[in-house]
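Summary of structural features
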Amino acid sequence: MKISGSLTLLLLLGSVSAQETSESNPPTPSDLYAALKEMTASLVQLKADMATERAQLKAEVNKMKTEMDKMKEQPPVQPVAFSASLAVEGELHIGPVPSDTPLIYRHVPTNIGNAYNTTTGVFTAPVRGAYHFEFHINSANSRSTAAFLVKNSENVFAAHESQPAHFMSSSNGVTLLLEVGDKVFVRLAATSHVFDNFNHHTTFSGHLLFPM
Ligand SMILES: *[C@@H]1O[C@H](CO)[C@@H](O)[C@H](O)[C@H]1NC(C)=O
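These notes cover the structure that comes with them. Remember, it's a predicted structure, so these values are computed and weren't measured experimentally.

1. Structural notes on the side chain of serine 192
- Residue placement: serine 192 occurs in the loop between strand S10 (183-188) and strand S11 (194-197).
- Its relative accessible area of 2% is what places serine 192 among the buried residues.
- Setting aside residues up to four positions removed in sequence, serine 192 forms contacts with Ile94, Gly95, Pro96, Val97, Ser144, Thr145 and Ala146.

2. A closer look at the packing of aromatic side chains
- Counted according to the given criterion, the structure contains 11 aromatic pairs.
- Taking the centre distance of 5.3 Å and the plane angle of 20° together, the rings of phenylalanine 82 and phenylalanine 123 count as stacked. Taken together, the positions of phenylalanine 82 in strand S1 (residues 81-85) and phenylalanine 123 in strand S5 (residues 123-124) put the pair 41 residues apart, joining distant regions of the chain.
- Assessed through its relative accessible area of 3%, phenylalanine 82 is described here as buried.
- Note on phenylalanine 123 and tyrosine 131: the rings are 5.5 Å apart at their centroids and 70° apart in plane angle, and the pair reads as edge-to-face. Per residue, the accessibility class of phenylalanine 123 equals that of tyrosine 131, and both read buried.
- Ring-pair connections join several aromatic residues into one group, and the members of that group are Phe82, Tyr105, Tyr116, Phe123, Tyr131, Phe133 and Phe204.

3. So, the sheet that holds strand S4 (residues 107-112)
- With respect to topology, 5 strands assemble into an open sheet ordered S4-S1-S12-S6-S9, the strand pairing being antiparallel. On the outer flanks of this sheet lie S4 and strand S9 (168-178), each paired with one strand and no other. Averaged over all adjacent pairs, the angle separating strand axes in this sheet is 10°, with direction ignored.
- One ladder, built from 8 bridges, connects strand S6 (residues 129-139) with strand S12 (residues 203-211); its direction is antiparallel. From the neighbouring strand, phenylalanine 135 faces S12, where its bridge partner is phenylalanine 204.

4. A look at a nonpolar patch on the surface
- On the surface, Leu177, Leu209, Phe210 and Met212 cluster together into a nonpolar patch covering about 380 Å² of accessible area.
- Position of leucine 177 relative to the elements: it lies in strand S9.
- For leucine 177, a relative accessible area of 38% gives the class partly exposed.

5. Quick look at the environment of arginine 106
- Considering the arrangement of structural elements, one finds arginine 106 in the loop between strand S3 (101-102) and S4.
- In the structure, arginine 106 is positioned 22 residues away from alanine 84 in sequence and 6.7 Å away in space, judged by C-alpha atoms.
- Those residues in contact with arginine 106 that lie beyond four places of it in its chain are Ser85, Leu86, Val88, Thr118 and Thr119.

6. Here's the deal with the nonpolar core
- In this structure, Phe123, Tyr131, Phe133 and Phe204 are the most contacted members of the largest nonpolar core, which totals 28 residues.
- For this core, the secondary structure elements donating two or more residues are S1, S6, strand S7 (145-151), S9, S10 and S12.
- With 4 residues, the single largest contributor to this core is S6.
- Excluding residues that lie within four positions of it along the chain, phenylalanine 123 makes contacts with Val80, Phe82, Ala115, Tyr116, Tyr131, Phe133, Leu178, Asp182, Lys183 and Val184.

7. Section: unusual backbone geometry
- Proline 96 follows glycine 95 through a cis peptide bond whose omega is 5°.
- Relative to the assigned elements, proline 96 resides in the loop between strand S2 (91-94) and S3.
- One non-glycine residue, asparagine 114, lies in positive phi territory at about 50°.
- Residue asparagine 114 is classed as exposed on the basis of its relative accessible area, which comes to 63%.
- Of note, the phi angle at asparagine 152 is positive, near 55°, even though the residue is not glycine.
- Assessed through its relative accessible area of 36%, asparagine 152 is described here as partly exposed.

The rules we used
Residues numbered from 1 in each chain as written. Predicted model: local features only at pLDDT ≥ 70, side-chain atom pairs only at ≥ 80, totals over all residues. Heavy atoms only, no water. Helix = DSSP H or I, 4+ residues; strand = E, 2+ residues; numbered from the N terminus. Buried < 20%, exposed > 50% of the residue type's maximum accessible area, 1.4 Å probe, protein only. Contact = heavy atoms within 4.5 Å. Phe/Tyr/Trp six-rings, centres within 6.5 Å; stacked < 30°, edge-to-face > 60°. Pairing = 2+ DSSP bridges. Axes fitted to C-alpha atoms, helices over the stretch in contact; angles between N-to-C directions. Patch = residues over 30% accessible without salt bridge, like charges linked within 9 Å, V, L, I, M, F, W, Y side chains within 5 Å. Areas by Shrake-Rupley, 256 points an atom, 1.4 Å probe, with all protein chains shown as cover. Salt bridge = Lys/Arg side-chain N within 4 Å of Asp/Glu carboxyl O. Core = buried A, V, L, I, M, F, W, Y, C linked by side-chain atoms within 4.5 Å.

Below you can see the structure in the form of structure tokens.
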């Protein structure tokens, strides 16, 4: 195919050139052959360049496809965020408790993803990831207050306040890497009091920063 095509071209060029340059020096067959050879070489090069470009493009497209597949495999980021306070209404005093006692925050203005259980006061991680928590505790009338933020059964961080009089408040926050099913809650320390009312002073909040 290639050779016959080249021959046709050669014949064509020969006839045109022969007509146009019949009086002056017509190009010799070897001139035409050289020109044709050059053109053929250029075409071959062009074809090679196109093949290279096509291969590069194909590689790029494949790379993008692989990345898109990977993105599809990843679970969509699950929104998880909650905020809760101890007292739903009125006034609430707890303590002094004889031993460390989990606090159940029953007023829940935010519970996106329902990972905070309003019955138990326990947050359960729905996905592996980094989570941020904070807790604020209050006490009144010179009764000292102390609480721990607990991961499963381990006291992670504490908040403590003790004054001779008036209203007291203490807080702490923490970022934790949690596995699916890890539990986080707040435990009132033995001998402590805690106070809350309709203004919602004593609170527990948390949210997923990012899955891991
Ligand atoms: C909260 O915990 C209680 C007691 O373990 C359980 O019966 C209930 O199903 C839980 N609620 C949710 C929304 O998971």
